[in-house]
Amino acid sequence: MENIELDGMIFRGSTIELLQGKLLIIQGKTGMLGCGYFNLAVADKLNSAMAVVTGVQSYDDMLNKCVVAVSARAAELGVVPGMTGREALLIMK
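Residues numbered from 1 in each chain as written. Predicted model: local features only at pLDDT ≥ 70, side-chain atom pairs only at ≥ 80, totals over all residues. Heavy atoms only, no water.

1. Details of the side chain of Ser 71
Link 1 in the chain: Within the fold, Ser 71 resides in the loop between strand E6 (69–70) and helix H3 (72–77).
Link 2 in the chain: Exposure remark for Ser 71: the relative accessible area of 1% places this residue in the buried category.
Link 3 in the chain: From its side chain, Ser 71 meets the backbone oxygen of Ser 48 in a polar contact 2.7 Å long.
Link 4 in the chain: The contacts of Ser 71, once residues within four sequence positions are left out, are Leu 40, Ala 43, Asp 44, Ser 48, Ala 49 and Met 50. (Helix = DSSP H or I, 4+ residues; strand = E, 2+ residues; numbered from the N terminus. Buried < 20%, exposed > 50% of the residue type's maximum accessible area, 1.4 Å probe, protein only. Polar contact = N/O pair within 3.5 Å; in protein donor to acceptor, adjacent residues only side chain to side chain. Contact = heavy atoms within 4.5 Å.)

2. Section: the environment of Met 32
Link 1 in the chain: Tracing the sequence through the fold places Met 32 in strand E4 (residues 32–34).
Link 2 in the chain: Counting along the chain gives 60 residues from Met 32 to Met 92, while the straight-line C-alpha distance between them is 7.0 Å.
Link 3 in the chain: In contact with Met 32, other than residues within four places in its own chain, are Ile 25, Ile 26, Gln 27, Ser 48, Ala 49, Met 50, Ala 51 and Met 92.

3. Comments concerning the sheet that holds E6
Link 1 in the chain: Strand order in the open sheet formed by six strands is E1-E2-E3-E4-E5-E6, and the pairing between neighbours is mixed. Either end of the sheet is taken by a strand with one partner, and the two such strands are strand E1 (2–6) and E6. (Pairing = 2+ DSSP bridges.)

4. Some remarks on the state of the cysteines
Link 1 in the chain: One pass over the structure, following the stated rule, counts zero disulfides.
Link 2 in the chain: Just so you know, Cys 35 is unpaired, no disulfide at all, and the nearest cysteine sulfur is the one on Cys 66, 17 Å from it.
Link 3 in the chain: Its relative accessible area of 3% is what places Cys 35 among the buried residues. (Disulfide = S-S within 2.5 Å.)

5. Some details on the pairing of E1
Link 1 in the chain: Of the pairings in the sheet, the one linking E1 to strand E2 (residues 9–17) comprises five bridges and is antiparallel in character. Counterpart to Leu 6 in the pairing with E2 is Met 9.
Link 2 in the chain: Count of turn residues in the E1/E2 antiparallel hairpin: two residues, of which Asp 7 carries a positive phi of about 50°.

Right, here's the structure in full:
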C-alpha cells in the first residue's frame, strides 16, 4: 500500500501485479477509484461509491484520466463520468 496525498488529504493506493498489467485502486474514506478490472455491478450491490478509469498503469495515470463509469452511490455523491480521477477522489474523500 502507498499513501497518496491530494490537497492535504491522504488516500490509500494498492497495486496487484498481474500476468498482464496491474490491478490498481485508490481508496478514500467514502469511496474509491479503480482501474478497468473492477465491476460496478458489485459496487452497486454493496452500495459502495466507486469510479472507474481505464487504460492506466500508475496512480498518476489514474488521477489524470477521465472517469468512464461510476456506481450509483458515487453518482449520489456527485461523481460523474468525464471528470478526472483526481476530481472524483476529492469528492469521495
